[in-house]
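Notes for the structure review
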Amino acid sequence: MLQRLFQIRRGESTRAVLLFSYLFLVIASSVVTRTTRDALFLHEYGAARLPYAELASALSVGAVMAVYLRLSRRLGLQSLLMGTLLIVAAMSAGFWALSWSAAPSWMLPVLYVWASVWGVLIPAQVWTLANHVVTTREAKR
């Protein structure tokens, strides 16, 4: 029934489910992370400092995406995806470990910016991957 509803043809269902799962998990984790970072930042620093965090986030996203685009021209798709996901996982684990041990004063502003960066970068990667595994005809449907 879902195949008819979404016009998925024979042989496409595995790719469709995997891409959907990847995008769903990325968006869900981004929403949870952004909600948590917003609440923690506002509790600690208040709304008056939020514009500075947003400005730092925007500048950081621009810088990271510029580096990412340059790397994408030099590296293959698999290396780029795996490297980026490993860096995101390591940074997330680092923030988690840091929050349990010391929670320094610089952690929340850096976490705020980091959540913005990976909230833009990782969904873009999903669509880059989709561009490589889905044909034009399949995408039009």
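Residues numbered from 1 in each chain as written. Predicted model: local features only at pLDDT ≥ 70, side-chain atom pairs only at ≥ 80, totals over all residues. Heavy atoms only, no water.

Moving on, we come to the packing of helix H3 (residues 50-74) against helix H5 (residues 107-133). It is the contact of H3 with H5, at a shortest axis distance of 8 Å, that shows an interaxial angle of 40 degrees. As the angle between them shows, H3 and H5 are arranged oblique. Here H3 and H5 pass one another in a crossing that is right-handed. Where H3 approaches H5, its residues Leu50, Ala53, Glu54, Ala56, Ser57, Ser60, Val61, Val64, Met65 and Tyr68 are matched on the opposing element by Tyr112, Val113, Ser116, Val117, Val120, Leu121 and Gln125. The residue makeup of the contact of H3 with H5, split by class, is 12 nonpolar, four polar and one charged. (Axes fitted to C-alpha atoms, helices over the stretch in contact; angles between N-to-C directions. Helix = DSSP H or I, 4+ residues; strand = E, 2+ residues; numbered from the N terminus. Parallel < 35°, antiparallel > 145°, perpendicular 65-115°, else oblique. Left-handed = near helix turned anticlockwise from the far one by under 90°. Contact = heavy atoms within 4.5 Å. Nonpolar A, V, L, I, M, F, W, Y, C, P; charged D, E, K, R; others polar.)

Turning to its location among the elements, Ser116 is positioned in helix H5. What makes Ser116 buried here is its relative accessible area of 7%. Residues contacting Ser116, with those up to four places away along its chain left out, are Arg34, Arg37, Ser57 and Val61. (Buried < 20%, exposed > 50% of the residue type's maximum accessible area, 1.4 Å probe, protein only.)

Now for the packing of aromatic side chains. If you walk through the whole model with that rule in mind, you get four aromatic pairs. Between Phe20 and Phe24, the ring centres sit 6.0 Å apart and the planes meet at 20 degrees, which makes this aromatic pair stacked. Separated by four residues within a single helix, Phe20 and Phe24 lie in helix H2 (residues 13-45), roughly one turn from each other. Pairing Phe41 with Tyr45 gives two aromatic rings, centres 5.0 Å apart and planes at 40 degrees, and the pair type is tilted. (Phe/Tyr/Trp six-rings, centres within 6.5 Å; stacked < 30°, edge-to-face > 60°.)

On to the environment of Leu40. One can find Leu40 in helix H2. Taking the C-alpha atoms as reference, Leu40 lies 9.1 Å from Tyr112; in sequence the two are 72 residues apart.

Let's shift gears to the layout of surface pockets. Considering only enclosed or pocket space, the second largest pocket measures out at about 410 Å³ in volume. Looking at the second largest pocket, it is lined by 20 residues, and the ones nearest its centre are Thr33, Ser92, Phe95, Trp96 and Leu111. Secondary structure elements with two or more residues in the lining of the second largest pocket: H2, helix H4 (77-101) and H5. Here the element with the most residues in the lining of the second largest pocket is H4; it accounts for seven residues. Among the residues making up the lining of the second largest pocket, the classes are represented as 15 nonpolar, four polar and one charged. (1 Å grid on protein atoms, 1.4 Å probe; cavity = no way out; pocket = protein on both sides within 12 Å on 5 of 7 lines; lining within 4 Å. Points joined across faces, edges and corners; volume = space filled by probe spheres on them.)

Glancing now at H3. The first and last C-alpha atoms of H3 sit 36 Å apart over 25 residues, in line with the 36 Å expected at 1.5 Å per residue. Where H3 is concerned, the buried positions are Ala53, Ser57, Val61, Met65 and Tyr68. (Expected span 1.5 Å × (residues − 1).)

As far as function goes, none of this settles anything; it's purely spatial.
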